[in-house]
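Read off the chains here:
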Amino acid sequence: ETSLIFVLSTPGVKAKNLSVAICDVYVKVNLPLALFEVDLLHEIDPEHPKTRCRVSPNKVTVTLQKRVPQIWDEFRAAGAKADLRVRRQAALDALEQREAERLQKRKDFKEEMLKQGEHAQWRLDSQNRETIEKWEQEEKEKWEEEVYRSFDSATGDLLESERRDDLDALDVVSSEVQPPLDQEVEETSEPQVVKPEEPIWSEEDLADTEEYVPDVRDNPGKIGLRFTERPRPGVPVRDRGRKPAPFPKEAPKTELPPMLAGDEREEDENDPVWLKDKGDQLMVRGDYTGAYNAYTEALKLASNARCFANRALTSLYLGNFEQCLEDCNRSIQILDFRNKPRNGELHHSADPEDEKVRARVEIRMGVAFLWLGAFKKAEAHFEKALGTEGLDAEEIKQVRQDLERVQSAYRALKVKDQADQSLRQGDEEAVEKALELYGQADHTTKQECAVVMANRCLAHLQTSQLQQCLEDASMALMALKRWPVARAVKAPKRPTRLDPPYLDDPTFVHPDKQNQGEREWLMKHNGGNAKELPGLPDEYEWIKDVAEKNENAWIAVKKRMSKVTFDAIKRATAELQDALYTRQPEVIRQQMEVAKDQNKVGEGPSSKAILQAEDYAKKLEDYAKEQEAQREHE
């Protein structure tokens, strides 16, 4: 009788997205993607405390308090649209007026509170000021009375008692320095001489002693203090040195020269290149767990496609197939990113070594899926490996044979499932059919599947064919002995530090290093015409400085290359990069001479790119000398 309640179901409703208007005869609730409005038959009291709108999860509850308590047979008002529109507008105008009055009351209340606060602060300041003035007046009267008591009221002279008190209050130091007033000071013409204190030791006592003078120490020069280097900077002490090393240390020290002893670089566990090479060495030795840990530490410091590919191989050998697939996918992503130049970046052919890595990664994904029983996915990845350019003729032949074996195993698996269903039926006819299907599956796999032989052994046992049962059991055991094992891994031809670098591209500027719409400038000049401007390097030119108001303002900026020059530089840099991919020092040096000739006409690679090629060729030559010296020593 006293209230009217509307419950609106709206999933995901929030109070900040809700707009509500509650008038005496009209209610509107605007929801996201929904609108609820109703013209009420009777009036409600919108100012009543119980009239409210509450938002809860997935619903909005509108509670309206009736102005006159009664039971409504119908809550919606009926009538012509025009009349209802006029009635609704009048209710909205009244709501707007009430809202304006409410805001004005709030404003007036705020101003009144500010005024009351100002008056209270003024009263407090006034009281404090009056209190301080009162204290000052009392202190002044006290000391005036004290001073007046010190003098005789009749004669105005200072009282004797006060004089004696003043003399008694003199400093003790002055009484020690000055003589009393009733004594005369004796005048002496000779100054007083203060006698020095007698020495503790006499000359006779010191006659038998010798003075000790220490010898001058030799100057040792610069003294250096060596501190222990942190093995892993930035890692808390509690996490350092408590776990065993993830891989063994190097071989014992040898007296051979560095070139014969191997890599002369010092061990650095914070160098990802050193860690990756360490993982390769452990893979060759067969320590797959240590290699996995070494690759993991290297990937924490830097991402590398070859490192992911090698860690995938260790995961495959350790039986962690999901990790193997994840590492393979990451390796392919890095290779795709490297071979996809950004807008304006140098476009060159892919590194042949990258194609070899891609082919091996596809093969490892195929093997992992084969172990997981996903024959179709394994077949797809073997076909992708055959589609790459990273396999030689012998490897292509081996992969095709493996692909045929996978396809045969998949066909045999379907036949084997049919045979298993027939064998489960148990009757004589079904078992004979199962034996026939097992024979077909065994012929398809070329007697390589031990599971088919074991199931056919069970079928022969059910039909009391014991001799055939024993033959199948023996063949199954022989097939299990041929279970694939991890073969020895070959060491890489070159260590990771001999991977070719990416050459500097003078035509490409990284987006993060670009100036925002500005050209690089060298200097500015005001006054004079174009003929009077100072000389500039060849790569700069004078242009009008539009940022200055002076008409004769000039600025020296870098010249813009023509499209022909731009393309020629890119093409020359790509040719030098392709020469680095051959990993042959003579080819690299031959291309460097060509690049230097191109630079003379301004259409060659940058000086930094040529220097990079020079350093890489020298590294390859040094490594070749190391290998030759090692072979001679052996």
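Just so it is clear, the structure is predicted and the values come from calculations on it, not from any experiment. (Residues numbered from 1 in each chain as written. Predicted model: local features only at pLDDT ≥ 70, side-chain atom pairs only at ≥ 80, totals over all residues. Heavy atoms only, no water.)

(A) Quick look at the packing of helix H6 (residues 272-285) against helix H7 (residues 288-301). Between H6 and H7, the least distance of the axes is 8 Å, while the angle of their chain directions is 165°. Our classification of the angle between H6 and H7 gives roughly antiparallel. As H6 packs across H7, the resulting crossing turns out to be left-handed. Judged by residue contacts, Pro272, Leu275, Lys276, Gly279, Asp280, Leu282 and Met283 of H6 engage Tyr288, Gly290, Ala291, Ala294, Tyr295, Glu297, Ala298 and Leu301 from H7. Considering only residue class, the contact of H6 with H7 consists of 10 nonpolar, two polar and three charged. (Axes fitted to C-alpha atoms, helices over the stretch in contact; angles between N-to-C directions. Helix = DSSP H or I, 4+ residues; strand = E, 2+ residues; numbered from the N terminus. Parallel < 35°, antiparallel > 145°, perpendicular 65-115°, else oblique. Left-handed = near helix turned anticlockwise from the far one by under 90°. Contact = heavy atoms within 4.5 Å. Nonpolar A, V, L, I, M, F, W, Y, C, P; charged D, E, K, R; others polar.)

(B) Summary view of the pattern of salt bridges. This model, assessed by the stated rule, comprises 23 salt bridges. Close ionic contact of Glu353 with Lys356 constitutes a salt bridge, the shortest N to O distance being 3.7 Å. Of this pair, Glu353 and Lys356 both sit in helix H10 (residues 352-371), three residues apart, which is roughly one turn of that helix. Linking Lys618 and Asp622 is a salt bridge whose minimum nitrogen-to-oxygen distance equals 3.2 Å. Note that Lys618 and Asp622 are positioned in helix H18 (residues 607-633) at a spacing of four residues, about one turn of the helix. (Salt bridge = Lys/Arg side-chain N within 4 Å of Asp/Glu carboxyl O.)

(C) Unusual backbone geometry, seen in detail. Even without glycine at this site, Ser464 takes up a positive phi of about 65°. Take Ser464: it is sitting in the loop between helix H14 (450-462) and helix H15 (466-481). Take Ser464: its relative accessible area is 58%, and that puts it in the exposed class. Backbone geometry at Arg583 places phi at a positive 60°, although glycine is not the residue there. For Arg583, the location among the structural elements is in the loop between helix H16 (563-581) and helix H17 (585-600). (Buried < 20%, exposed > 50% of the residue type's maximum accessible area, 1.4 Å probe, protein only.)

(D) Looking closely at the sheet that holds strand S4 (residues 34-39). Across the sheet, which stays open at both edges, the three strands sit in the order S2-S3-S4 with antiparallel pairing between neighbours. In the strand order of this sheet, the two ends are held by strand S2 (19-22) and S4, each with one partner. Each adjacent strand pair in this sheet contributes to an overall mean axis angle of 0°, direction not counted. Relative to strand S3 (residues 26-31), S2 runs antiparallel, the two sharing four bridges. Residue pairing across strands places Val20 opposite Val29, the latter belonging to S3. (Pairing = 2+ DSSP bridges.)

(E) Representation of H17 in the model. Taking 1.5 Å as the rise per residue, H17 with 16 residues should run 22 Å; its terminal C-alpha atoms sit 23 Å apart, in good agreement. For H17, the complete set of buried residues consists of Pro585, Ile588, Gln591, Met592 and Ala595. Relative to the axis of H17, the buried residues are bounded by an arc of 125° and lie together on one face. Facing away from the buried side of H17 by over 90 degrees, the exposed positions are Glu586, Gln590 and Lys600. Summarising the contacts, the buried residues of H17 are in contact with H16 and H18. (Expected span 1.5 Å × (residues − 1). Arc of directions from axis to C-beta.)

(F) Up close: the environment of Tyr295. Here Tyr295 shows up in helix H7. Tyr295 sits in the buried class, given a relative accessible area of 1%. Taking the C-alpha atoms as reference, Tyr295 lies 6.2 Å from Cys307; in sequence the two are 12 residues apart. Separated by 2.5 Å, the side chains of Tyr295 and Asp280 make a polar contact. (Polar contact = N/O pair within 3.5 Å; in protein donor to acceptor, adjacent residues only side chain to side chain.)

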